[in-house]
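Here is how the chains run, residue by residue.
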Amino acid sequence: STEFELKGPPSLTAQYMEVKAVTDADVEQAALKAMSELMNLESGDIRVNLRNPVVQGLGEPLRQLTEPRVEVQPQRNGLGLVPMQVQIWDGDDLKKTVPVTCDVRRRYRVAKAVVSLSRDQPVTFQQVAFETQYLDKPVDQLTSDQVVGRSVRFGVPAGSVIQMKDIKTSATGGQIIVKKGSFVAATVRAGRLRVSLRDAEAMQDGALGESIRLRNRQTGETIVGEVVGYGRVVVRTYMNSENAQEFR
């Protein structure tokens, strides 16, 4: 028989280092974190998506790292297409820097036209929906009080987000509660005397607290009154009872 002698350590230990894969999802998550910090927003308030894949072009050695870490540096603050620099690290070793473009969108609670709205058409609850959308441009977040019951300046197509510029306002920017050409309940106040105008027409739009011109359709006379409510105007003046009688 053949004899042999085996020399060496009594035991051998092998250490396994797991290789981890870097994905585009890691890049988007790092970009989301960077943008939320830059814009001072919660991560749920924005969405960040890569315009094109990144990781598949890195090559196998850079996709398979022992201690991978992805950092993203946005090149500007804002929505829309934002250029960024993606850094691929393996522990403390910077492996590669890649330029990318991300689509950044912010969550808004918007008023959306359910049907097409015509110019000067008052908006009803059935014609508008309030919903959450992620948009790539800033928009006005209007409430129902700012939209329902008010008229639009121009036509608004169905499916469009209603902006403040679409809502018709008075000369001072307030909500119109008396419309030009409408008949109003007008009261003339002269001291303790109260006289109601039977046939008063608003000659201009008016918001609460604004002064507007009225026309007495019976006499043709023009007077100025203060809007105090929906379809209600008060004319405050100094007159004797004979003058007041002319407004009956």
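Just above, that's the structure.
Residues numbered from 1 in each chain as written. Predicted model: local features only at pLDDT ≥ 70, side-chain atom pairs only at ≥ 80, totals over all residues. Heavy atoms only, no water.

## Focus on the overall build of the protein chain
Thinking step 1. Per the secondary structure count, the protein chain includes four helices and 14 strands.
Thinking step 2. In the protein chain, which comprises 248 residues, the share counted as buried stands at 36%.
Thinking step 3. For the protein chain, long-range pairs separated by at least 24 residues make up 54% of all intrachain contacts whose partners lie at least 6 apart in sequence.
Thinking step 4. Counting only carbon and sulfur atoms, one obtains 46% of the accessible surface of the protein chain, whose full area is about 15500 Å². (Helix = DSSP H or I, 4+ residues; strand = E, 2+ residues; numbered from the N terminus. Buried < 20%, exposed > 50% of the residue type's maximum accessible area, 1.4 Å probe, protein only. Contact = heavy atoms within 4.5 Å. Areas by Shrake-Rupley, 256 points an atom, 1.4 Å probe, with all protein chains shown as cover.)

## Some thoughts on the nonpolar core
Thinking step 1. Among the nonpolar cores identified, the biggest contains 31 residues, and Met35, Val48, Val70, Met84, Val100 and Val104 are the most heavily contacted of them.
Thinking step 2. Those elements that place two or more of their residues in this core are helix H1 (24-38), strand E2 (46-50), strand E4 (68-74), strand E5 (80-90) and strand E6 (93-113).
Thinking step 3. No other element matches the six residues that E6 contributes to this core.
Thinking step 4. Beyond its immediate sequence surroundings of up to four residues, Val104 is in contact with Met35, Met39, Arg47, Val48, Gly78, Leu79, Gly80, Val82, Met84, Leu135 and Asp136.
Thinking step 5. Counting 15 residues, the second largest nonpolar core, distinct from the first, contains Ile177, Val188, Ala200 and Ala202. (Core = buried A, V, L, I, M, F, W, Y, C linked by side-chain atoms within 4.5 Å.)

## A few points about the environment of Tyr134
Thinking step 1. Note on placement: Tyr134 falls in strand E7 (residues 128-135).
Thinking step 2. Sequence separation between Tyr134 and Tyr108 is 26 residues, and the spatial gap between their C-alpha atoms is 6.2 Å.
Thinking step 3. When residues no more than four places from it in sequence are discounted, the contact partners of Tyr134 are Gly44, Asp45, Ile46, Arg47, Arg105, Arg106 and Arg107.
Thinking step 4. Of the polar contacts made by the side chain of Tyr134, one reaches the backbone oxygen of Gly44; its length is 2.8 Å. (Polar contact = N/O pair within 3.5 Å; in protein donor to acceptor, adjacent residues only side chain to side chain.)

## Points about the pattern of salt bridges
In a structure, side chains of opposite charge can pair up when their charged atoms sit close to one another.
Thinking step 1. A complete count under the given rule lists ten salt bridges for this structure.
Thinking step 2. The partner of Arg107 in a salt bridge is Asp45, and the shortest N-O contact between them spans 2.5 Å. Here Asp45 lies in the loop between H1 and E2 and Arg107 lies in strand E6, a separation of 62 residues in the sequence.
Thinking step 3. The class of Arg107 is partly exposed, set by a relative accessible area of 37%.
Thinking step 4. The closest approach of N and O atoms between Lys95 and Asp93, which form a salt bridge, is 3.1 Å.
Thinking step 5. Taken together, the shared-partner salt bridges in this structure form one network comprising Asp103, Arg105 and Asp136. (Salt bridge = Lys/Arg side-chain N within 4 Å of Asp/Glu carboxyl O.)

## Here we look at the environment of Gln141
Thinking step 1. With respect to the element layout, Gln141 can be found in the loop between E7 and helix H3 (144-147).
Thinking step 2. Sequence separation between Gln141 and Val161 is 20 residues; the distance between their C-alpha atoms is 9.5 Å.
Thinking step 3. Contacts of Gln141, omitting those with residues within four sequence positions, involve Tyr108, Arg109 and Gln146.
Thinking step 4. One polar contact links the side chain of Gln141 to the main-chain amide nitrogen of Arg109, over a distance of 2.9 Å.

## Some details on the packing of aromatic side chains
Thinking step 1. This model, assessed by the stated rule, comprises zero aromatic pairs.
Thinking step 2. The ring of Tyr134 carries the charged tip of Arg47 above its face, separated from the ring centre by 3.9 Å. (Phe/Tyr/Trp six-rings, centres within 6.5 Å; stacked < 30°, edge-to-face > 60°. Lys NZ or Arg CZ within 6 Å of the ring centre and 35° of its normal.)

## Remarks on the side chain of Gln127
Thinking step 1. Along the polypeptide, Gln127 turns up in the loop between E6 and E7.
Thinking step 2. Here Thr124 takes part through its backbone nitrogen, which lies 3.0 Å from a polar atom of the side chain of Gln127.

## A word on the sheet that holds strand E14 (residues 232-236)
Thinking step 1. Judged by pairing direction, the barrel is mixed, and its five strands sit side by side in the order E9-E10-E12-E13-E14 before closing back on the first. Averaged over neighbouring strand pairs, the angle between their axes works out to 50° when direction is ignored.
Thinking step 2. Pairing geometry for strand E9 (residues 183-190) and strand E10 (residues 193-202), over seven bridges, is antiparallel. Opposite Arg189, over in E10, you have Arg194 as the bridge partner. (Pairing = 2+ DSSP bridges. Axes fitted to C-alpha atoms, helices over the stretch in contact; angles between N-to-C directions.)

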